[in-house]
Amino acid sequence: MTDHAPAAAVPTDDLAAAFQIEGWPVRGRLVRLGDAIDKILAAHAYPEPVAALLGEACVLAALVGSALKFEGRLIVQAQGDGPVRYVVADYDTDGHLRGYCRFDEAEVAAASEGFVRPGAKTLLGQGVFVMTLDRGPDFERTQGITPIEGESLSLAAEHYFVQSEQIPTKVRLAVGSVTNEGGTTWRAGGALIQLIAGDDARGSTEDVWDRSRALFQTLGDDELIDPTVSPETLLYRLFHEDGVRLEDARALKAQCRCSADRIGTVLASFGPEERADMVEPDGKIHVTCEYCAKVYKLDPEAVAAEAE
C-alpha cells in the first residue's frame, strides 16, 4: 500500500489526540510517546519486561486521561501477587505523565526465562486493575476496578470500559526500544476506539463496529512506536477508504510532581525521634522520589521548624 496521507500538522511524538472516522459511529484516540516515555523508564534500572509494563500503563493513562473534560488526574494502577507488586501511572490535564513500578528482581528474572516476554498477567499474577479519577480536593475520587486478565493491560482496560461504562472498546498498546546514532531509547504508543451507541436516527451500529474492530486489529506494534510514521499516516493506513481526521492534539511531557516543599511537609508529620533516625552522615535527611528518582537533601532543623 502506498501512503498518501496529508503532511503532518502535529508532532510525531509525545502527543495525545482524538480521531474521527468520517460518518462512522466510532470515536478514537491515539498516543505517541518518545522522549517522555524514555525519561520515565530510564529513571530506574527496570528489567525489560517491567519497563514494558510501565510503558503500557503510561500510554493507557494518556489515552484515557486526555479525553477528560475537567481539570484533574487520571491514575492507572494494577497490583497483584506476582513478581511485579504494583504498577502505577498518572496523567494530569496539563499533559504531564509520571509512572513507577515496584517489583522483585529475582522473581522477574525467573518469570523471564522463556522465549516470550512476560506480560501483565505473568508479572502481576492474581490482582486487580484500577482506574481512578481525581478532580481535586473539592470532589470525591471515583474508581473502577476489574480483574487483571491477559498479557497486556489493554485487555484489562477493555473490560473496565464494558463493566464500568458499558462502552464497547478496543485498545492497542505497544512499548519497545529503538536504536539510532544517539543510542537506544524507549518508545511507546497506543490507540483506542469506542462504539457510539445506535439510536433512532443512526440505527444499529453493530456492523460498523465489526468492521472497525477488524481494521483496528491490523494495527501493528511496530507502527505504533515507529518514529518515522506520523500520526496522520498511521490513521490513514487504517481508515483511508472512509476518511479519518486527527483532532484536539495536545502535547505530553514526563513531569513529576515531587518538590522539596512537598517532601518537607511529609517529613514534618513524623515525630522528632523518627526524623533524627533519618539523618545521614552529612547532617541532611535524604529522600529519593520513587517516581523520578530525584534525590532531595533536606535540613533537619528546617523540617523541625515546619513541624512546629
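Please refer to the structure higher up on the page.
So, a few notes on the structure that sits alongside this text. (Residues numbered from 1 in each chain as written. Predicted model: local features only at pLDDT ≥ 70, side-chain atom pairs only at ≥ 80, totals over all residues. Heavy atoms only, no water.)

The strand order across the open sheet built from 5 strands is E8-E9-E2-E1-E10, with neighbouring strands paired in antiparallel fashion. Only two strands of the sheet have a single partner each, and these edge strands are strand E8 (169-180) and strand E10 (244-251). Here the strands of the sheet are splayed against their neighbours by 15 degrees on average, with no regard to which way each runs. Pairing between strand E1 (residues 15-21) and E10: 6 bridges, direction antiparallel. Residue Ala 16 lies in a different strand from E10, and its bridge partner there is Arg 250. Together, E1, strand E2 (26-33) and E10 form the strand contacts of helix H8 (residues 231-239), whose direction differs from that of E10 by roughly 150 degrees. (Pairing = 2+ DSSP bridges. Helix = DSSP H or I, 4+ residues; strand = E, 2+ residues; numbered from the N terminus. Axes fitted to C-alpha atoms, helices over the stretch in contact; angles between N-to-C directions. Contact = heavy atoms within 4.5 Å.)

In this section: the pairing of strand E5 (residues 96-103). Regular strands place side chains that alternate from one sheet face to the opposite one. Burial within E5 is extensive, with 6 of its 8 residues counted as buried. Pairing of strand E4 (residues 84-92) with E5, which is carried by 7 bridges, proceeds in the antiparallel orientation. In the strand pairing of E5, Tyr 91 is matched with Leu 97. Between the end of E4 and the start of E5, which pair antiparallel, lie 3 residues, with Gly 95 showing a positive phi angle near 90 degrees. (Buried < 20%, exposed > 50% of the residue type's maximum accessible area, 1.4 Å probe, protein only.)

Strand order in this open sheet of 6 strands is E7-E6-E3-E4-E5-E11, and the pairing throughout is mixed. The open sheet has two edge strands with one neighbour each: strand E7 (142-147) and strand E11 (253-254). Direction of pairing for strand E3 (residues 73-80) relative to strand E6 (residues 127-134): antiparallel, over a ladder of 8 bridges. Its bridge partner being in E6, Ala 78 is matched across the sheet by Phe 129.

One pass over the full model with this rule turns up 18 salt bridges. The partner of Glu 107 in a salt bridge is Arg 85, with the nearest N and O atoms 3.1 Å apart. With a gap of 22 residues between them, Glu 107 in helix H3 (residues 105-111) and Arg 85 in strand E4 connect regions that are remote in the sequence. Using a relative accessible area of 32% as the deciding quantity, one classes Arg 85 as partly exposed. One salt bridge in this structure joins Lys 170 and Glu 158, with 3.6 Å as the shortest N-O distance. Taken together, the positions of Lys 170 in strand E8 and Glu 158 in helix H5 (residues 153-165) put the pair 12 residues apart, joining distant regions of the chain. Judged by relative accessible area, Glu 158 falls into the buried class, the value being 9%. Linked through salt bridges whose partners overlap, the residues forming this network are Arg 73, Asp 90, Arg 98, Asp 134, Arg 141 and Arg 257. (Salt bridge = Lys/Arg side-chain N within 4 Å of Asp/Glu carboxyl O.)

The next subject is helix H1 (residues 35-42). Turning to H1, its buried residues number three or more, namely Ala 36, Ile 37, Asp 38, Ile 40 and Leu 41. Packing partners of the buried residues in H1 comprise E2, helix H2 (48-65), E5, E8, strand E9 (183-195) and E11.

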